[in-house]
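Fold and geometry: a report
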Amino acid sequence: MCISNSVGNGGVNAANDVRCVQLLLNMNRDRCGLASDLKVDGAWGPSSAAALATFCKAIGARSDTPVTANDEILDALRRGLPPALVRQKLWIVMTSAQAARIDAFFDAILATMNRYQINTPLRMAHFLAQIGHESGCLRYTEEIASGEAYEGRVDLGNTQPGDGPLFKGRGLIQLTGRANYREYGKACGKNFETTDKPSLVATDPDLAVDVAGWFWDKRQLNALADRDDLREITRRVNGGFNGLADRADFLTRAKWLLVRDDAPVASGAATKAANGAA
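Residues numbered from 1 in each chain as written. Predicted model: local features only at pLDDT ≥ 70, side-chain atom pairs only at ≥ 80, totals over all residues. Heavy atoms only, no water.

**Remarks on the overall build of the protein**
Rules: Here a helix means four or more residues in a row that DSSP labels H or I, a strand means two or more in a row labelled E, and each is numbered from the N terminus. Computation of the radius of gyration draws on C-alpha atoms alone. For the globule rule, the value is 2.2 Å times the number of residues to the power 0.38. Note on classification: 1.4 Å probe, protein chains only; a residue is buried when its accessible area is under 20% of the maximum for its type, exposed when over 50%, partly exposed between these limits. Working rule for contacts: check all heavy atoms of both residues, and any pair within 4.5 Å makes them a contact. Only the protein chains shown count as cover for residues, with accessible areas throughout obtained via the Shrake-Rupley method and a probe of 1.4 Å. By the counting rule applied here, Lys and Arg register as positive and Asp and Glu as negative, while His and the ends of each chain are not counted. Here the site of a charge means NZ on Lys, CZ on Arg, CG on Asp, or CD on Glu.
Summing up its helical and strand segments, the protein has 14 helices and 0 strands in all. Helices (α) and strands (β) of the protein occur, in sequence order from the N terminus, as α-α-α-α-α-α-α-α-α-α-α-α-α-α. On C-alpha atoms alone, the protein measures out to a radius of gyration of 20 Å, which is about the 19 Å that the 2.2 N^0.38 rule sets for 278 residues. Principal axes of the C-alpha set define a box for the protein whose edges measure 65 × 35 × 30 Å. Buried positions account for 50% of the 278 residues belonging to the protein. Taking all contacts inside the protein whose residues are at least 6 apart in sequence as the whole, residues at least 24 apart take part in 58%. A total of about 12400 Å² of accessible surface is found on the protein, and carbon and sulfur atoms cover 48% of it. Each charge class in the protein can be summarised by its mean position, and for the 33 positive and 32 negative side chains these summaries are 1 Å apart.

Here it is, written out as structure tokens:
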């Protein structure tokens with residue numbers, strides 16, 4: 001499900017849940033009487049209420065009680081969604097993200113998933129779940145700690161003074177250590193040891209997402225996603241099971257949006273075309 005509590009007049013109306021319903025209404029705008037998209041602000045008000053009431057009338061559903069998880073209204077909103085991954089869907093998966101972060105990373109996420117064959121509903125859902133957790137809904141592209149803890153870590157290739165902070169964790173799935181920066185640099189056409197600043201992996205959205213896709217491909221995580229194995233994917237990403245419940249929450253939302261019986265999820269050019277039309 002994409003919401004945890006009731007949304008609507010008289011509902012609990014938690015901000016993240018309201019934001020999800022507002023995004024769903026925007027993706028069903030033809031049946032909501034919307035000339036333009038609702039403001040996605042997480043605050044339930046007259047405009048959102050009117051759009052929901054119009055939608056309920058269009059599908060012949062009651063409109064006098066709030067929307068809840070698993071009810072007919074939420075299911076109808078889901079059926080009206082475009083099959084592709086569009087910005088609104090990404091925002092629902094990463095529901096506490098700021099709109100600017102969704103805009104900054106969306107195209108890079110599409111390109112990365114296409115590049116590394118993360119191109120089925122389950123693969124996409126698992127990838128989004130992991131980067132959502134690892135980055136705090138696209139908030140962090142660089143670890144908060146200084147990196148001093150990695151100083152002298154020969155297993156990471158940190159053999160020179162200052163390597164720990166210089167090659168600290170960066171990217172939506174964090175790249176850490178001189179040796180890993182060297183290997184990723186060869187893959188993406190950069191030299192982070194000489195000509196290119198390692199900080200680019202955090203500041204360039206394309207690299208921040210691509211390094212996560214590179215890691216995903218290197219660890220053969222598509223095969224685990226095909227088996228819907230959240231625990232093993234988490235172990236390979238995290239080295240353990242930290243944040244497993246949170247990753248599961250991301251995965252539940254992503255599956256609700258993407259893993260559908262009635263339509264495939266488009267990828268590549270088809271996904272971009274669908275997004276442009278949304």
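**Topic: the nonpolar core**
The cut-off we apply is this: Nonpolar cores were defined as sets of buried Ala, Val, Leu, Ile, Met, Phe, Trp, Tyr and Cys residues, with membership established by side-chain atoms within 4.5 Å.
Core analysis: the biggest nonpolar cluster contains 81 residues, and Leu24, Leu25, Leu85, Met94, Ile109, Leu128 and Ile131 have the highest contact counts within it. In terms of residue count, helix α10 (residues 205-218) provides more of this core than any other element does, 8 residues in total. Once you skip the residues sitting within four places of it in the chain, Met94 turns out to touch Leu128, Ile131, Gly132, Cys137, Leu138 and Phe250.

**Quick look at the packing of aromatic side chains**
Note the threshold: In summary, the pairing rule links any two rings of Phe, Tyr or Trp, Trp by its six-membered ring, whose centres are within 6.5 Å, and it sorts them by plane angle into stacked for under 30 degrees, edge-to-face for over 60 and tilted for everything else. Working rule: Lys NZ or Arg CZ, within 6 Å of ring centre, within 35 degrees of ring normal, means a charge sits over the ring.
By the definition in use, this model includes 5 aromatic pairs. Ring geometry for Phe127 and Trp216: centres 5.3 Å apart, planes at 90°, overall edge-to-face. Linking Phe127 in helix α6 (residues 121-134) with Trp216 in helix α10, this pair joins segments that are 89 residues apart in sequence. Comparing Phe127 with Trp216, the two get one shared label, buried. Ring centres 5.8 Å apart and planes at 85° place the aromatic pair Tyr181 and Phe192 in the edge-to-face group. Residue Tyr181 is located in helix α8 (residues 178-188), and its partner Phe192 is located in the loop between α8 and α9 (200-203); the two are separated by 11 residues in the primary sequence. With respect to class, Tyr181 is no different from Phe192; both count as buried. Chaining the aromatic ring pairs together yields one cluster made of Phe167, Tyr181, Tyr184, Phe192 and Trp214. Arg78 extends its terminal NZ or CZ atom over the ring of Trp256, reaching a point 5.8 Å from the ring centre.

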